[in-house]
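Working through the structure, step by step
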Amino acid sequence: MQTIVAYVENKPGVLNRVSSLARRLAINIDSLTVGPTENEEIARMTVVAHTDEKGAHRLEASLEKLVDVLLAENISERSILERDLALIKVLADQKNRPHLMELVNVFRARVVDVAPESLILEVSGTVDKIDGLLEVLRPFGVLEMARTGRIAMTRGGDLLRPPSAPAVEPTLQPVGSDKK
Amino acid sequence: MKLTGAEILCESLTRLGVKHIFGYPGGAILPVYDALGKSKLHHILVRHEQGATHMADGYARASGGVGVAMATSGPGATNMVTGIATAMLDSSPIVCITGQVSSKVIGSDAFQEVDITGITMPITKHNVIVTRAEDIARTVREAFVIAQSGRPGPVLVDITKDAQQATAEFNWEASEPKLPIKRAKVTYNKAEFDRAVELLNSAKRPVILAGHGILVSAASKAFAEFVRTGNYPVAMTLLGIGCFPANDPLNLGMMGMHGEAWVNNAIQEADLLIAVGMRFDDRVTGSLQTYARNARKIHIEIDRAEINKNVAVDAALVGDAREVLEALLPHVQTGGHGDWIAHINELKGGSAVRDIQSLPDNGHLYAAHVINDIWKETKGEAIVVTDVGQHQMWEAQYYHHNRPRSLVTSGGLGTMGFALPAAIGAKFSQPDAEVWVLVGDGGFQMTMCELATIVQEKINIKIAIINNGFLGMVRQWQEFFYDKRYVATPLVAPDFAALANAFGIRGERITTRSDVIPTIRSARESKETVLLDFRVEQEDSVYPMVAAGASLSDMIRRPDNPLVETATEP
């Protein structure tokens, strides 16, 4: 599994270009997340792909050839933090509810919805952790699950920032001074 | 100044230096055609939109500039797909402009609506749909920048009919390209560079693999200096042909599936491969497991995605071929490799004897003879545009190119039907050049409708059909690998000379060797297009041949008794 972070133009069709490229290279995407960045014109993607280092290089370098992709980097070999978030709706009757709550505590999950017959748990963490929780929840009866897919960030001073334009100073005008 | 979107498009193309547009009108592009009529742009009416894209491609390849093709929405746009893919695979800068239904009805399956940006996404360098007149100038300028920069490629601009009709303020200065800011070009660090220099100067048996990238970056001069300084033997890829003179003793010729035996053997024996602007295509390497196992590899390539794709390299210098070669040049030790070059010349040994040129005239007309005679008669100075198949490989073997951009051929996609339209495009970009089309009887029948374009535009090119009554290369594979079961390869064709006459073009049929040179001469003297139908040996094959996926060392050689005397009639 290889993790690639990309900064892309935040506009329609870019996600399609990225996923279409992976398909063209016959690389299976395990998860792909997109979210806005502090710059509204730029979005950040985390692509987790079923491929080896060579495939990841090809994907990363090919991604960066797309006009709308500003930067793409394979961070699999670097020290990174990865997070996945899941909402899990699980059967919970009066009898097994206490047992469930114990597991919730152990996995540092949270109960975010309570219904007579079920609970919704929210858990974030590494994929392994969420898979682990799922494993122990299964005997209770998992009714529904939604996962975000991974987001990743390099640790510490290893920064991965979008390439920036030559700084354009915002021209702030005193209120009411522009129309004399 | 207020203009319609269509007028903005024509004005923008004019300001970008466009002179010729190859296209075909239709409903969704009509406003643009109305504006074209009022502009100084020369529109060439093609007979099929695929032809328009190949013409734009040939125009770009022969000149190094950008070719422009135009079509309407729906079928007009989908007919361009093959030409766009051809340009993509060979990194050819073309801009395709398509009309699109009005933005208000997009997605409603309107008449002649097709999602052409969706369809062409994987086969364009970039594509974009424009729905507002005010975005047209900037988008077209961006398309030209994208098509030409870095590793070139096709860009498609899809313009809705309402955007063509709407009016907007036209301000050229204010419509500067605003492309996303990418990070600075990834190149190479000093350690990588030093490693390359070390490899260069310690090699005993180096071979350069010269590719299309040398032509694209106009690096021929720097390359020649690099080659002669280091005294490196040079093997060419098909698309690299012309980047280094064929008459230079260091030029070995073409490598790969139909490369000359000594070239492939030299590669297999080399201790260093210096790949410049090429991508280790499977037609070049054969089996990767057995490819140049004793050689270290240096890869000079502008596209980072090509590094280590097929062949793992020891030093990768990512960058423009010319810049990298110029940076390397001062570090290259001069001379050397005399023994190695002498050894390669020994490898040539028997090949000259096997060469079909050395065979006595036994009454058969061989394609190789025809092509070699065209080379001799044109003194190697023509622009030759080939189709795909046997004649294409014979061209690479028997027409010796000394000038950059004098061979135009579809390499990566191997598109049959490419030659005739691409030659028309080449002629428009190089009107003073002598342009020859080399095409098989199969490929010619795919796009021969463009003969009418030639007549309508009154251009002068020479068409040589290498007519063997077969889809020759496929037949050759059937002969070698399918026990001569010629399924769907015998091919009926019209009388091409009579067909040419029907179009108003002089046509001639040549069946004997003694007629070849006189006919070529008389065709060259004509100020008009002439079509020559060379009826060549039906079951000749291209040698040597490395079977697909076989080792480069494992070549099928021309048999001593080369040809079946009783060729089957198609």
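Residues numbered from 1 in each chain as written. Chains lettered and ligands numbered in written order. Predicted model: local features only at pLDDT ≥ 70, side-chain atom pairs only at ≥ 80, totals over all residues.

**A few points about the domain arrangement of chain B**
All names here are of chain B. Here the domain parsing of chain B yields domain 1 (2-175), domain 2 (190-348) and domain 3 (358-556). Each of domain 1 and domain 2 was reduced to a C-alpha centroid, and the two centroids are 37 Å apart. Taken together, the contact between domain 1 and domain 2 spans six residues of the former and six residues of the latter. When grouped by side-chain class, the residues that make up the side of domain 1 that touches domain 2 number one nonpolar, three polar and two charged. (Domains from an automatic or database assignment. Contact = placed C-beta atoms within 7 Å. Nonpolar A, V, L, I, M, F, W, Y, C, P; charged D, E, K, R; others polar.)

**Examining the sheet that holds strand β9 (residues 206-210) of chain B**
Backbone-to-backbone hydrogen bonds join strands into a sheet, with any given pair of strands oriented parallel or antiparallel. Residue and element names in this part refer to chain B. Strand order across the open sheet formed by six strands is β11-β10-β9-β12-β13-β14, with parallel pairing between neighbours. What marks the edges here is a single partner per strand, and that holds for β11 (251-254) and β14 (315-318). Between one strand and the next, the sheet's axes are offset by a mean angle of 15°, whatever the strand orientation. Inspection of the sheet shows β9 paired to strand β10 (residues 234-236) by three bridges, in the parallel sense. Bridge pairing in β10 places Ile-208 opposite Val-234. (Pairing = 2+ DSSP bridges. Helix = DSSP H or I, 4+ residues; strand = E, 2+ residues; numbered from the N terminus. Axes fitted to C-alpha atoms, helices over the stretch in contact; angles between N-to-C directions.)

**Comments concerning unusual backbone geometry**
Phi is mostly negative for residues that are not glycine, and the peptide bonds are mostly trans. All names here are of chain B. Across the junction of Tyr-543 and Pro-544, the peptide omega takes the value -10°, indicating a cis bond. Positive phi, normally seen in glycine, also occurs at Asp-109, with a value near 55°. With respect to the secondary-structure elements, Asp-109 resides in the loop between β5 (94-100) and α6 (116-120). A residue is classified by how many C-beta atoms lie within 10 Å of it, and Asp-109, with 9 of them, is exposed. (Buried ≥ 20, exposed ≤ 12 C-beta atoms within 10 Å, placed from the backbone.)

**Things to note about the interface of chain A and chain B**
Often, the extent of an interface is quoted as the loss of accessible area upon association of its parts. Listed as interface residues are 17 residues of chain A and, on the opposing side, 13 residues of chain B. For the side of chain A that touches chain B, the secondary structure elements donating two or more residues are α1 (14-24), α2 (53-65) and β4 (69-74) of chain A. Sorting elements by how many residues they give to the side of chain A that touches chain B places α2 of chain A first, with six residues.

**Observations concerning the pairing of strand β13 (residues 296-301) of chain B**
Residue and element names in this part refer to chain B. Of all six residues in β13, six are buried, a share of seventy percent or more. The two faces of β13 match: Arg-296, Ile-298 and Ile-300 on one face and Lys-297, His-299 and Glu-301 on the other face are all buried. Pairing geometry for strand β12 (residues 272-276) and β13, over five bridges, is parallel. Opposite Ile-274, over in β13, you have Ile-298 as the bridge partner. Pairing of β13 with β14, which is carried by four bridges, proceeds in the parallel orientation. Across the sheet, residue His-299 finds its bridge partner in β14, namely Ala-316.

**Quick look at the packing of helix α3 (residues 49-63) of chain B against helix α19 (residues 419-429) of chain B**
Residue and element names in this part refer to chain B. At a closest axis distance of 6 Å, the pairing of α3 and α19 adopts a crossing angle of 45°. With respect to α19, the axis of α3 lies oblique. With respect to the hand of their crossing, α3 and α19 are arranged in right-handed fashion. Residues Gly-51, His-54, Met-55, Ala-56, Asp-57, Gly-58, Tyr-59, Ala-62 and Ser-63 of α3 form the contact with α19, whose participating residues are Pro-421, Ala-422, Ala-423, Ile-424, Gly-425, Ala-426, Phe-428 and Ser-429. Residues belonging to the contact of α3 with α19 are distributed by class as follows: 10 nonpolar, six polar and one charged. (Parallel < 35°, antiparallel > 145°, perpendicular 65-115°, else oblique. Left-handed = near helix turned anticlockwise from the far one by under 90°.)

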